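Working through the structure, step by step
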Amino acid sequence: MELSRPMTISTTSPREGLETNYKEHKQTGAGGLHRVLCMQGGDDDGSYAKNSEAPASAITLSKPLLLTAIQSLNLKLFSRIEEEKDCCIRIADLGCATGYNTLATIDMVVECLRKQYIHECGFEPEFEAFFSDLPSNDFNSLFRSLPAATTRHYYAAGVPGSFYGRLFPKRKLHVVVSLSALHWLSQIPDAVLDKRSAAWNKGRVWIDGAKKEVVEAYAKQSEEDLENFLRCRKEEIVHGGMLFMLMGGRPGFQQPENQLGDPDSSAKHPFATSMDQAWQDLLKMGLIDEETRDGFNIPAYMRSMEEVEVAIKRCGGFEIQKMEYHKIMEYSEEKHKEWIRDPVSYGRAKTNMVRATLRPIVEAHLGPNISEELFKCFEKQVSSDINLLHKTGYYGVIVACLIRMWE
């Protein structure tokens with residue numbers, strides 16, 4: 001399916017035009033998810049670059065842990081592996097998306113390692129930074145945002161591909177980070193899209209509060225994905241190297257059907273109640289049928305600390321240096337107060353965030369015209385719910401630092 005394929009609508013009826021648009025995009029299957037799953041590119045109001053405040057907060061929270069982990073690395077071991085005069089330290093950001101978050105993270109890692117090498121080893125190695133994401137990622141916007149080569153301390157390269165498979169040669173990388181990406185799954189479980197299956201997720205677009213069979217199908221897919229991710233990194237990271245992961249998560253006492261924690265967070269989360277209501281509005285307007293609604297599911301799963309730990313131990317080859325769970329406020333208190341005074345502004349901001357994360361896969365399922373109607377319905381739902389504005393929402397995240405062990 002070509003998302004950029006031009007369409008000719010030969011009718012003057014807006015509804016018929018939308019329906020024509022939908023028919024051309026109806027056949028998006030789970031198998032093609034890797035071709036369309038990405039954060040929204042560009043740098044306009046609906047882009048990920050302009051709507052990544054929550055991931056930025058999570059990265060800021062994890063920064064001290066990341067810096068401490070880097071400072072604990074045995075740099076002399078890396079220097080022995082490669083001749084000092086030819087020493088090149090390779091860093092990768094897996095699931096980099098676009099914008100400030102990935103560039104600031106790479107800058108921070110390189111600068112920390114650079115100073116540490118000068119202090120401990122008496123020389124400065126060269127650095128190579130790999131920015132990796134799915135081929136559908138907007139690498140053009142990312143590389144336009146790169147600092148000039150004369151001002152940065154690393155060589156940059158893009159590596160398109162799924163991090164659930166191999167991306168680099170064996171023992172290539174010294175430091176690998178994956179920030180706010182691993183809660184995205186490689187695919188929607190087949191059973192969830194099968195009407196004949198007990199796991200068919202009828203009437204919903206995500207799994208928070210879904211029936212047991214749906215949640216179990218998602219949990220199984222999540223388990224397979226994380227183990228694949230770890231096995232691939234086990235091959236690619238040098239002995240003594242580091243894997244740093246930050247992903248959406250939940251505390252261990254929280255069952256998987258409760259992906260988001262407290263009721264307020266669940267009510268405010270863009271994947272949950274308001275999104276289901278927006279799809280229901282499309283159905284009431286006659287723009288889609290039930291089959292269309294039931295055929296769309298958001299490919300995300302919030303793992304528990306225990307699920308992550310089990311996957312690490314099952315993979316082997318890594319030592320858990322540190323693993324923590326944190327709750328992060330959806331927005332700053334200043335923003336919260338501002339939006340209570342201006343609900344329309346809140347609805348617009350919340351919708352821009354949804355566009356930034358979901359627009360590519362929604363458009364692949366509905367086409368651009370009906371997908372825009374969906375976002376309008378979502379914005380209306382959020383802006384008109386005054387009670388929602390007074391709730392405080394949180395995101396749960398898991399931060400894990402692993403060291404590649406000798407075997």
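Definitions and cut-offs
- Residues numbered from 1 in each chain as written.
- Predicted model: local features only at pLDDT ≥ 70, side-chain atom pairs only at ≥ 80, totals over all residues.
- Heavy atoms only, no water.
- Helix = DSSP H or I, 4+ residues; strand = E, 2+ residues; numbered from the N terminus.
- Contact = heavy atoms within 4.5 Å.
- Areas by Shrake-Rupley, 256 points an atom, 1.4 Å probe, with all protein chains shown as cover.
- Core = buried A, V, L, I, M, F, W, Y, C linked by side-chain atoms within 4.5 Å.
- Buried < 20%, exposed > 50% of the residue type's maximum accessible area, 1.4 Å probe, protein only.
- Axes fitted to C-alpha atoms, helices over the stretch in contact; angles between N-to-C directions.
- Parallel < 35°, antiparallel > 145°, perpendicular 65-115°, else oblique.
- Left-handed = near helix turned anticlockwise from the far one by under 90°.
- Nonpolar A, V, L, I, M, F, W, Y, C, P; charged D, E, K, R; others polar.
- Lys, Arg positive; Asp, Glu negative; His and termini not counted.
- Salt bridge = Lys/Arg side-chain N within 4 Å of Asp/Glu carboxyl O.
- Polar contact = N/O pair within 3.5 Å; in protein donor to acceptor, adjacent residues only side chain to side chain.
- Pairing = 2+ DSSP bridges.
- Right-handed = clockwise from strand over helix to strand, strands pointing away.
- Phe/Tyr/Trp six-rings, centres within 6.5 Å; stacked < 30°, edge-to-face > 60°.
- Lys NZ or Arg CZ within 6 Å of the ring centre and 35° of its normal.

Each helix and strand counted, the chain has 15 helices and 8 strands in total. Taking contacts inside the chain between residues at least 6 apart in sequence as the whole, the part at least 24 apart equals 82%. Total accessible area on the chain is roughly 17900 Å²; 49% of this is exposed by carbon and sulfur atoms.

This part takes up the nonpolar core. Membership of the largest hydrophobic core comes to 49 residues, with the highest contact counts inside it found for Trp-206, Tyr-218, Met-275, Trp-279, Leu-282, Ile-298 and Leu-358. At the level of elements, α7 (212–236), α9 (273–284), α13 (343–366), α14 (368–384) and α15 (386–389) are the ones that each hand at least two residues to this core. Ile-298 has contacts with Trp-184, Ile-188, Val-205, Trp-206, Tyr-218, Phe-271 and Leu-358, leaving out every residue within four places of it along the chain. Counting 40 residues, the second largest nonpolar core, distinct from the first, contains Ile-89, Val-110, Val-175 and Ile-328.

Packing of α7 against helix α11 (residues 305–315) leaves a shortest axis separation of 9 Å and a crossing angle of 45°. It follows that α7 is oblique to α11 by the angle criterion. Along this stretch, α7 crosses α11, giving a crossing that reads as right-handed. Across from Glu-223, Leu-226, Glu-227, Leu-230, Arg-231 and Lys-234 in α7, the residues of α11 making contact are Glu-307, Val-308, Ala-311, Ile-312, Arg-314 and Cys-315. Tallied by class, the residues present in the contact of α7 with α11 amount to 6 nonpolar, no polar and 6 charged.

For the rest of this paragraph, the subject is the side chain of Asp-133. Summarising the element assignment, Asp-133 is placed in strand β2 (residues 126–133). As a buried residue without a salt bridge, Asp-133 has its nearest oppositely charged side chain in Arg-233, at a separation of 12 Å. From its side chain, Asp-133 meets the backbone nitrogen of Cys-96 in a polar contact 3.3 Å long. Not counting the four nearest positions on each side in its chain, Asp-133 is found in contact with Gly-95, Cys-96, Ala-97, Phe-139, Val-159, Pro-160 and Gly-161.

Now for the pairing of strand β3 (residues 155–160). Here β2 pairs with β3 via 6 bridges, running parallel. Across the sheet, Phe-130 pairs through a bridge with Ala-157, a residue of β3. Note on the crossover from β2 through helix α6 (residues 139–144) to β3: the handedness is right-handed.

We now examine unusual backbone geometry. Look at Arg-171: it is not a glycine, yet its phi comes out positive at around 50°. Looking at the element boundaries, Arg-171 is found in the loop between β3 and β4 (173–179). The backbone of Ser-180 shows a phi angle near 60°, a positive value even though the residue is not glycine. With respect to the helices, strands and loops of the structure, Ser-180 is situated in the loop between β4 and α7. Judged by its relative accessible area of 15%, Ser-180 is buried.

Counting buried positions along β4 yields 7 of 7 residues, so the element is predominantly enclosed. Pairing analysis gives 3 bridges linking strand β1 (residues 88–94) to β4, with the strands arranged parallel. Each residue of the ladder has a partner; that of Ala-92, found in β4, is Val-176.

The next thing to look at is the packing of aromatic side chains. By the definition in use, this model includes 10 aromatic pairs. Each ring, one from Tyr-117 and one from Phe-123, has its centre 5.5 Å from the other, and the planes form 65°; the classification is edge-to-face. Classification of Phe-123 as buried rests on a relative accessible area of 15%. Seen from their ring centres, Trp-206 and Phe-271 are 5.4 Å apart, and the 80° between their planes marks the pair as edge-to-face. Note that Trp-206 is positioned in the loop between β4 and α7 and Phe-271 in the loop between α8 (263–268) and α9, a separation of 65 residues in sequence. This pair shows no difference in class: Trp-206 is buried, exactly as Phe-271 is. An aromatic cluster is defined as three or more aromatic residues linked by ring pairs; in this entry it consists of Phe-131, Phe-139, Phe-143 and Tyr-154. In this structure, Arg-152 packs its charged tip against the face of Tyr-154, placed 5.5 Å from the ring centre. Positioned over the ring face of Phe-229 is Arg-233, at 4.8 Å from the centre of the ring.

Distances and angles like these do not, on their own, reveal function.
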